[in-house]
Amino acid sequence: MTVMSAPSIDHPGRESQDAYAVSAEFYDLLQAERDEVRVRALYRDDVAGARVGVLDVGAGTGRVTLMSLLESRVPVHAVEPARCMRTPLMTRLASLSAELTTRVTVHPYALDEAGLRAVADVAVCHNTVACLRPTSRRALWHAVAEALVPTGALLVQLPPARLPRHETTRALPTRKIGRHEYGGSIMTSPDVDRIRARFDYWVRESGRVLRRHDETFWMWPASRTELIVELEEAGLVALPERRDPAVLAVRRAGP
Ligand SMILES: C[S@@+](CC[C@H](N)C(=O)[O-])C[C@H]1O[C@@H](n2cnc3c(N)ncnc32)[C@H](O)[C@@H]1O
């Protein structure tokens, strides 16, 4: 049995280039099905209505990017700094027709280093903000405001509003690929002002564990009200509450 553990990311100012080095292998396998449905429900209508461009902030393996390409007719900008997540994103894009790939550009940077100006009227930031410490989060809002055209909208999936009281463990779905079964769990616990999220993965054959891996991420809680204040400081004003309160919509002021 091979037991490997990834280095924990203890004090990231921003996520390192090696972030997701362990999780990338399991990300689509264990989380894609559930998240695909969620992403469509949360953002499909918004990206379908885009007239200038769609910006996918923290594109990961490309779920929002792909949906944006298929549902819109405008250029799509996928911003993804972590090589390990960009690799499956590129593989996913490589399998598409040239008609689709001419419309997508992958920016291998954090958004505030990508230098994007007025490229989109719809920006989506799904499952990304929780992992940014407050200073990086604020830098992100200013970069989003610059990347949006006047009146452009940002849809952001809210991070946890507060620290959890106790340690909790949630099982990830299991998947069978050939002889092997893949699965894992996420353990979250409070740690001063942050949330420690440890992802444990396993691969089994006939009930025997072949290998285990783990990767730890840190999350910073922030309430909807706190985010609205931060976003306003960057010139992004809250829109009326959406059907799903997990997402906050804000708009860049007009010209
Ligand atoms: C948990 S993943 C989610 C990926 C994708 N949005 C999804 O839901 O499947 C968060 C992603 O955000 C990226 N990220 C972190 N900081 C970023 C920043 N400042 N700008 C753009 N992307 C960032 C990470 O590299 C990571 O791939």
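Structural notes, computed from the coordinates. (Residues numbered from 1 in each chain as written. Predicted model: local features only at pLDDT ≥ 70, side-chain atom pairs only at ≥ 80, totals over all residues. Heavy atoms only, no water.)

1. Concerning the overall build of the chain
So, point 1. Scanning the chain for helices and strands turns up six helices and 13 strands.
So, point 2. Each principal axis of the C-alpha atoms in the chain carries an extent, and together these give about 60 × 45 × 30 Å.
So, point 3. Residue pairs at least 24 apart in sequence account for 68% of intrachain contacts in the chain once pairs closer than 6 positions are excluded.
So, point 4. Accessible area for the chain stands at about 12,700 Å²; split by element, carbon and sulfur atoms hold 51% of it.
So, point 5. Taken together, the 34 basic and 32 acidic charged side chains of the chain have centroids lying 3 Å from each other. (Helix = DSSP H or I, 4+ residues; strand = E, 2+ residues; numbered from the N terminus. Contact = heavy atoms within 4.5 Å. Areas by Shrake-Rupley, 256 points an atom, 1.4 Å probe, with all protein chains shown as cover. Lys, Arg positive; Asp, Glu negative; His and termini not counted. Charge placed at Lys NZ, Arg CZ, Asp CG, Glu CD.)

2. Digging into helix α3 (residues 83-94)
So, point 1. In this model α3 runs 16 Å from its N-terminal to its C-terminal C-alpha over 12 residues, within 8% of the 16 Å that 1.5 Å per residue would give.
So, point 2. What α3 keeps buried is the set M85, R86, L89 and L93. With its buried residues spanning 95° around the axis, α3 presents them on a single face. The exposed set on the far side of α3, more than 90 degrees from its buried face, consists of R83, T91 and A94.
So, point 3. Residues of α3 that are buried sit in contact with α1 (23-48), α2 (63-71), β3 (76-79), α4 (98-101) and β4 (104-107). (Expected span 1.5 Å × (residues − 1). Buried < 20%, exposed > 50% of the residue type's maximum accessible area, 1.4 Å probe, protein only. Arc of directions from axis to C-beta.)

3. What to know about the sheet that holds β3
So, point 1. Read across the sheet, seven strands follow the order β4-β3-β2-β5-β6-β13-β12 without closing on themselves; strand pairing throughout is mixed. Pairing within the sheet leaves two strands with one partner each, and these edge strands are β4 and β12 (236-238). Strand-to-strand twist of the sheet, defined as the mean angle between neighbouring strand axes without regard to direction, takes the value 20°.
So, point 2. Packing against the sheet, helix α6 (residues 224-233) makes contact with β6 (148-157), β12 and β13 (247-252), and its axis sits at approximately 15° to β13. (Pairing = 2+ DSSP bridges. Axes fitted to C-alpha atoms, helices over the stretch in contact; angles between N-to-C directions.)

4. Section: the packing of aromatic side chains
So, point 1. Scanning the entire structure with this criterion turns up five aromatic pairs.
So, point 2. Through pairs of rings, three or more aromatic residues link up here, namely Y20, F26, Y182, F199, Y201 and F217.
So, point 3. The ring of W218 has R194 lying over it, and the distance from NZ or CZ to the ring centre is 3.7 Å.
So, point 4. Above the face of the W202 ring, R204 is positioned so that its terminal group lies 3.7 Å from the ring centre. (Phe/Tyr/Trp six-rings, centres within 6.5 Å; stacked < 30°, edge-to-face > 60°. Lys NZ or Arg CZ within 6 Å of the ring centre and 35° of its normal.)

5. So, the pattern of salt bridges
So, point 1. In this structure the tally under the stated criterion is 15 salt bridges.
So, point 2. Measuring nitrogen to oxygen at the nearest pair gives 3.0 Å for the salt bridge that ties R44 to D45.
So, point 3. For R44, a relative accessible area of 27% puts it in the partly exposed group.
So, point 4. The closest approach of N and O atoms between R137 and E230, which form a salt bridge, is 2.5 Å. (Salt bridge = Lys/Arg side-chain N within 4 Å of Asp/Glu carboxyl O.)

6. Looking at the nonpolar core
The tendency in soluble globular proteins is for nonpolar side chains to be buried as a group.
So, point 1. Among the nonpolar cores identified, the biggest contains 28 residues, and L55, L111, L140, W141, V144 and L154 are the most heavily contacted of them.
So, point 2. Sort the elements by how many residues they give to this core and helix α5 (residues 134-147) lands first, with six residues. (Core = buried A, V, L, I, M, F, W, Y, C linked by side-chain atoms within 4.5 Å.)

7. Examining the pairing of β13
So, point 1. In this sheet, β13 lies alongside β6 in antiparallel orientation, the contact comprising five bridges. Each bridged residue has a counterpart across the sheet, and for A153 the counterpart in β13 is R251.
So, point 2. Bridge count for β12 against β13 is three bridges, and the pairing is antiparallel. Across the sheet, the residue bridging to L236 is R252, located in β13.

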